Amino acid sequence: MDDKTILNRISELVDEEHRLRSTAQEHESGTDDDAKERLRALEESLDQCWDLLRRRRAARQAHGDPDAQGERPLSEVERYLQ
């Protein structure tokens, strides 16, 4: 997966996240359980995409092979301290 593909995926995920949050606001009842679960999954996918993009860029700056970078497991990405 190249950087452009990753950035496109990030954009798609963010768009979906915004649609879900907007729908929840329109209904004023908050977010139902299915939407909450989907939002959590979107956030996790976004974390993985950003992690991969950062590591690809770091590899390129270090004159390494960005294509050698793969998506890390969610359990590893989600334990990062921000």
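Residues numbered from 1 in each chain as written. Predicted model: local features only at pLDDT ≥ 70, side-chain atom pairs only at ≥ 80, totals over all residues. Heavy atoms only, no water.

## Observations regarding helix 2 (residues 33-61)
Now for step 1: Helix length check: helix 2, at 29 residues, gives a terminal C-alpha distance of 42 Å against a target of 42 Å (1.5 Å per residue), a fit within 8%.
Now for step 2: Regarding helix 2, its N-cap is Asp-32, as a side-chain oxygen of that residue lies 3.3 Å from the backbone nitrogen of Asp-34 further along.
Now for step 3: Where helix 2 terminates, the next one or two residues include His-63, which has phi positive at roughly 60°. (Helix = DSSP H or I, 4+ residues; strand = E, 2+ residues; numbered from the N terminus. Expected span 1.5 Å × (residues − 1). Polar contact = N/O pair within 3.5 Å; in protein donor to acceptor, adjacent residues only side chain to side chain.)

## Some thoughts on the nonpolar core
Side chains of a nonpolar character, in soluble globular proteins, are inclined to be buried together.
Now for step 1: Ile-6, Ile-10, Leu-13, Leu-39, Leu-42, Leu-46, Cys-49, Leu-52 and Leu-53 together form the largest nonpolar core, which totals 9 residues.
Now for step 2: Of all the elements in the fold, those that place two or more residues in this core are helix 1 (3-27) and helix 2.
Now for step 3: In terms of residue count, the dominant contributor to this core is helix 2 (6 residues).
Now for step 4: Every residue in contact with Leu-42, bar those within four places of it in the chain, is listed here: Leu-13, Glu-16, Glu-17 and Leu-20. (Core = buried A, V, L, I, M, F, W, Y, C linked by side-chain atoms within 4.5 Å. Buried < 20%, exposed > 50% of the residue type's maximum accessible area, 1.4 Å probe, protein only. Contact = heavy atoms within 4.5 Å.)

## What to know about unusual backbone geometry
Now for step 1: Of note in this structure, His-63 is not a glycine but carries a positive phi near 60°.
Now for step 2: When you line up the elements, His-63 lands in the loop between helix 2 and helix 3 (74-77).

## Description of the confidence of the model for the protein chain
Now for step 1: A residue-level look at the protein chain finds 91% of positions with pLDDT of 70 or above and a mean pLDDT of 89.
Now for step 2: No element of the protein chain has a lower mean pLDDT than helix 3, which averages 88, and none a higher one than helix 2, which averages 93. (pLDDT = per-residue confidence, 0-100.)

## Observations concerning the side chain of Asp-3
Now for step 1: Along the chain, Asp-3 falls in helix 1.
Now for step 2: The buried category is assigned to Asp-3, whose relative accessible area is 14%.
Now for step 3: Aside from chain neighbours lying at most four places away, what touches Asp-3 is Leu-53, Arg-56, Arg-57 and Arg-60.

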